[in-house]
2 protein chains.
Amino acid sequence: MIHYPNGLKTKKNQKINLDGKSSQANRGMRLEENINLSNEYYLRNNIAVIYKKPTPIKVLHIVNTLSGSTKIDDAHFLTPSTTDYNGIYRGKYIDFEAKETKSKTLFPLASIHNHQLEHLKKVAQHGAIAFIIISFTSLSETYLIDQKIVNDYVDSGLKSLPLKDIKDKGHLIKEEYIIPLNYLKIVDANYFPCEK
Amino acid sequence: MIHYPNGLKTKKNQKINLDGKSSQANRGMRLEENINLSNEYYLRNNIAVIYKKPTPIKVLHIVNTLSGSTKIDDAHFLTPSTTDYNGIYRGKYIDFEAKETKSKTLFPLASIHNHQLEHLKKVAQHGAIAFIIISFTSLSETYLIDQKIVNDYVDSGLKSLPLKDIKDKGHLIKEEYIIPLNYLKIVDANYFPCEK
């Protein structure tokens, strides 16, 4: 799996996106931006400390420029070992992956790497809050769904997760003005039910 | 702050290391390798899920090669927003930075970015286990010290942390055969004292 930088143009002038996950132009960008803005709000207001991990890149060669800076002139993208986001919220380790789909009816499970699902299962076994955020871009609807539900579908050999099941077993995240994607509200209601 | 790749040679043929933190040759490599090997052991044996974060890199240009792969031909290193390592252990979020020094008497506090110390303080406020691993390479001694102690020294305006204070307030991590740097043994004794 190769990861492309956002909005970059190659020498052949093809439009390439940089969401760290997909080669389809622009996929993943709106969602990622909304999550990052929400995380910045959480951090600024001392609600949670959650960051997006950098995209892993193997550096093969660097040069020192005349201006004294260092330029990487040979490198390639690596497959990430884990998920995109992790951090701490209300004393708990939190870990999730975020994905977009253009489909109006289902989420294709091939969009998530198996080792990412394994990672989510593993951290949940250690006590983490672990889930996937799925955005249906054509519908402008974004859902939070626990890793266990997604892993159960994959373990059953299913190739996709129908939207109706996501509506049933997941949780719609409402877009808000100040916090574009206030997913911690869903976390509060579903992972800390006794404390509310 | 510029980050150099490990063991790479620039076009001017200078030896450059790639520990993501320092431009001094070979610094940080032995320690990083020992921590990574220990983390692999913890992961394989289902003890903890702790990963090193990728070094953040800003990709400016990519090319599609004739073989169909993607090559990054223009990029530069970014200053990391957080620390190098995080994950989950015994249900707790764990976060730390690892540093080496050649000094035999002190640890220079300028080796750690202020925003990394701030990050450690912040996650600790949210309930994390947060510390720094300091390796004295000339002495072959590695210590784990809580973030609060290091932050207190920095807040007092001190420029270095004397080794004798690290011995006093931190904890020596013994090198072991199977787990090169079994720092979770120190975490067990000091962050879960009532449960042992």
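Owing to the predicted nature of the structure, the values given are computational and were not obtained by experimental measurement.

(A) A look at the overall build of chain A. Looking only at helices and strands, one finds five helices and twelve strands in chain A. The 196 residues of chain A split such that 49% are buried. Considering only residue pairs separated by 6 or more positions, chain A has 58% of its internal contacts joining residues 24 or more positions apart. Only carbon and sulfur atoms are counted for the fraction: they give 51% of the accessible area of chain A, which is about 9,100 Å².

(B) Representation of the environment of Glu175 of chain A within the structure. All names here are of chain A. Of note, Glu175 is situated in the loop between strand E12 (171-173) and helix H5 (183-191). Sequence-distant contacts of Glu175, that is, excluding residues within four places in its chain, are made with Arg30, Asn34, Pro180 and Leu181. Of note is the side chain of Glu175, whose polar atom sits 3.2 Å from the side chain of Arg30.

(C) Up close: the relation of the copies chain A and chain B. Turning chain A through 180 degrees and shifting it by 0.0 Å along the axis lays it on chain B, with an RMSD of 0.0 Å. A rotation of that kind, with that shift, is consistent with a two-fold axis. A share of 100% of the interface residues of chain A reappears at the interface of chain B, consistent with the copies meeting face to face through the same patch.

(D) Unusual backbone geometry, seen in detail. Residue and element names in this part refer to chain B. Unlike most non-glycine residues, Arg90 shows phi in positive territory, near 50 degrees. Positionally, Arg90 belongs in the loop between strand E6 (85-89) and strand E7 (92-101). A relative accessible area of 33% means that Arg90 is categorised as partly exposed. A positive phi angle, near 55 degrees, is found at Ser140, a position not held by glycine. Along the chain, Ser140 turns up in the loop between strand E9 (129-136) and strand E10 (141-146). The class for Ser140 is exposed, based on a relative accessible area of 61%.

Parameters and conventions
Residues numbered from 1 in each chain as written. Chains lettered and ligands numbered in written order. Predicted model: local features only at pLDDT ≥ 70, side-chain atom pairs only at ≥ 80, totals over all residues. Heavy atoms only, no water. Helix = DSSP H or I, 4+ residues; strand = E, 2+ residues; numbered from the N terminus. Buried < 20%, exposed > 50% of the residue type's maximum accessible area, 1.4 Å probe, protein only. Contact = heavy atoms within 4.5 Å. Areas by Shrake-Rupley, 256 points an atom, 1.4 Å probe, with all protein chains shown as cover. Polar contact = N/O pair within 3.5 Å; in protein donor to acceptor, adjacent residues only side chain to side chain. Least-squares fit on C-alpha atoms with pLDDT ≥ 70 in both.

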